[in-house]
Structure formats: C-alpha cells, structure tokens
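Read off the chains here:
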Amino acid sequence: DQQVKQNSPSLSVQEGRISILNCDYTNSMFDYFLWYKKYPAEGPTFLISISSIKDKNEDGRFTVFLNKSAKHLSLHIVPSQPGDSAVYFCAASAMKTSYDKVIFGPGTSLSVIP
Amino acid sequence: KAGVTQTPRYLIKTRGQQVTLSCSPISGHRSVSWYQQTPGQGLQFLFEYFSETQRNKGNFPGRFSGRQFSNSRSEMNVSTLELGDSALYLCASSLNKKNEQFFGPGTRLTVL
C-alpha cells in the first residue's frame, strides 16, 4: 500500500519551459512534505520542503504547492534547465506525532531537452 | 564539512551469504536512517537509529538488522541473502528527527 504516489514515472520538458511534477498521498496524518532530487550514482539531495500550515513555498526556480483537501502536492520548476534532468522523489512524514519516519514515493524521472 | 559516507560502494555476494554495510553520518548528526532503493519502488524505509537506539523500523524481514555506535556511525546487516535483496542501499543522516536528511552515495549490492 503506497502512502505516497507519483503516478508519472517519467516526464520530458523542453528547456526554458515549466516542469510540473505531481505527488499524491493517502495518510491524512502527514504534515510535512519534501522533494529530493537524485542523479545517477549519487544519493538524493534535499530540494525543498513545505509544512501543512502553508500552501506554497518558493525557492528560486522551485516552487512547491500543497493542496491538503486533495492530498496533493506539486513541484514546479521554472524555467527548466538541462541540469535539472534527474529523478525527483516526493516524501512525507507526520512530524507532529512520534511516528515520523519519512515515506518516499517511487520517483519521477525528469528529462529536460535542450 | 564532510558529507555522509558509505562503504563499500559496490558489493557482489551470492545467495545465502551475509553482508554488512557501513555508514558514517555528517559530524554532529545523531539520526541515521537506512533505505533500500529498487527500480519502480522508490526508497523503502528500513530503519532509523538515534543515539544508538532503533526508533523506527520498516516492513522488512528480520534478516535485515542494524545498529548504531556511540560515535553515530551505523551498520546494517543482511543475513541469508536472497536475489531480491539486490538493490541500492542508502544511508541518510540528520541533526534530529525534524530536519531534512542528507544522503550518502549508497552501496550497490548485487546478489547472484
């Protein structure tokens, strides 16, 4: 039973355009969400996070939107660059409870075409 | 400061053998988590240690075990290896349970 879902295994976007990566979760106890980026042969690196008290968090070209009622979040990358080509993992945890292990989605492979 | 290091980076074992993987967290980080990554499954949580105590455990059989030492370094052990254990094993450390995790490069385990 996947508590964090990323239904698009892959995504291709033209350089300079917007990349939108989607993530859905099922556990209503989740209140903290993170995005990680992973290049081949490297471990994931933290990209951006959002707490459930917010619906948007922005950091440079990266913006994460959270829709709690739909249990959905998305990562927007504008403008997309070839160096953004990587696997993106959505992750969630329940920070307010003692059960706070981080649950990761299966990842979406983004290809930015020059 | 130095990042999370994992040794070895690559490992080939045969079915039935056992393996021990090592992780050195970022200096000062007391929480260490282990994940298994397989194609299409994302990162599956194995366990988390904090100050030498296992705080959380994922849904893996008892063949998977771990420990943490007083210097926060951690090891995970897999006994009686199966073909399905072939995966990338990632270690991540954080300052405390509420902080973002920093991942090591992983150990690629191949079971033949």
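The structure displayed is predicted, hence computed values, not measured ones.

A. Local environment of the nonpolar core. Residue and element names in this part refer to chain A. Within the largest apolar cluster, 24 residues are counted, with the highest numbers of intra-cluster contacts made by Phe33, Trp35, Leu73, Leu75 and Tyr88. Mapped by element, the contributors of at least two residues to this core are β3 (19-25), β4 (32-38), β5 (45-51), β7 (62-67), β8 (72-77), β9 (86-93) and β11 (108-113). If near-sequence neighbours (up to four positions away) are discounted, tyrosine 88 is found in contact with Gln6, Leu21, Trp35, Tyr36, Lys37, Leu47, Leu75, Ile77, Gly107, Thr108 and Leu110.

B. Geometry of the interface of chain B and chain A. In this assembly, 20 residues from chain B lie in contact with 18 residues from chain A. Around 1600 Å² of area is buried between chain B and chain A when both sides are counted, 53% of it from carbon and sulfur atoms. At the surface where chain B touches chain A, the tally comes to 0 salt bridges. When contributions to the side of chain B that touches chain A are tallied by element, the ones reaching two or more residues are β4 (31-38), β5 (42-50), β6 (53-57) and β9 (87-94) of chain B. Tallying contributions element by element places β5(B) first for the side of chain B that touches chain A, with 3 residues. Each residue belonging to the side of chain B that touches chain A can be placed in one class, and the counts come to 7 nonpolar, 8 polar and 5 charged.

C. The arrangement of the state of the cysteines in detail. All names here are of chain A. Applying the stated rule across the entire model yields 2 disulfides over all chains. The disulfide partner of cysteine 23 is cysteine 90, and the S-S distance across this bridge is 2.0 Å. Between cysteine 23 and cysteine 90, the disulfide has an S-S torsion of -70 degrees and is therefore left-handed. Pair noted here: cysteine 23 is in strand β3 and cysteine 90 is in strand β9, with a separation of 67 residues, a long-range link. The same class applies to cysteine 23 and to cysteine 90, which are both buried.

Conventions and cut-offs
Residues numbered from 1 in each chain as written. Chains lettered and ligands numbered in written order. Predicted model: local features only at pLDDT ≥ 70, side-chain atom pairs only at ≥ 80, totals over all residues. Heavy atoms only, no water. Core = buried A, V, L, I, M, F, W, Y, C linked by side-chain atoms within 4.5 Å. Buried < 20%, exposed > 50% of the residue type's maximum accessible area, 1.4 Å probe, protein only. Helix = DSSP H or I, 4+ residues; strand = E, 2+ residues; numbered from the N terminus. Contact = heavy atoms within 4.5 Å. Buried area = accessible area lost by both parts, 1.4 Å probe. Salt bridge = Lys/Arg side-chain N within 4 Å of Asp/Glu carboxyl O. Nonpolar A, V, L, I, M, F, W, Y, C, P; charged D, E, K, R; others polar. Disulfide = S-S within 2.5 Å.

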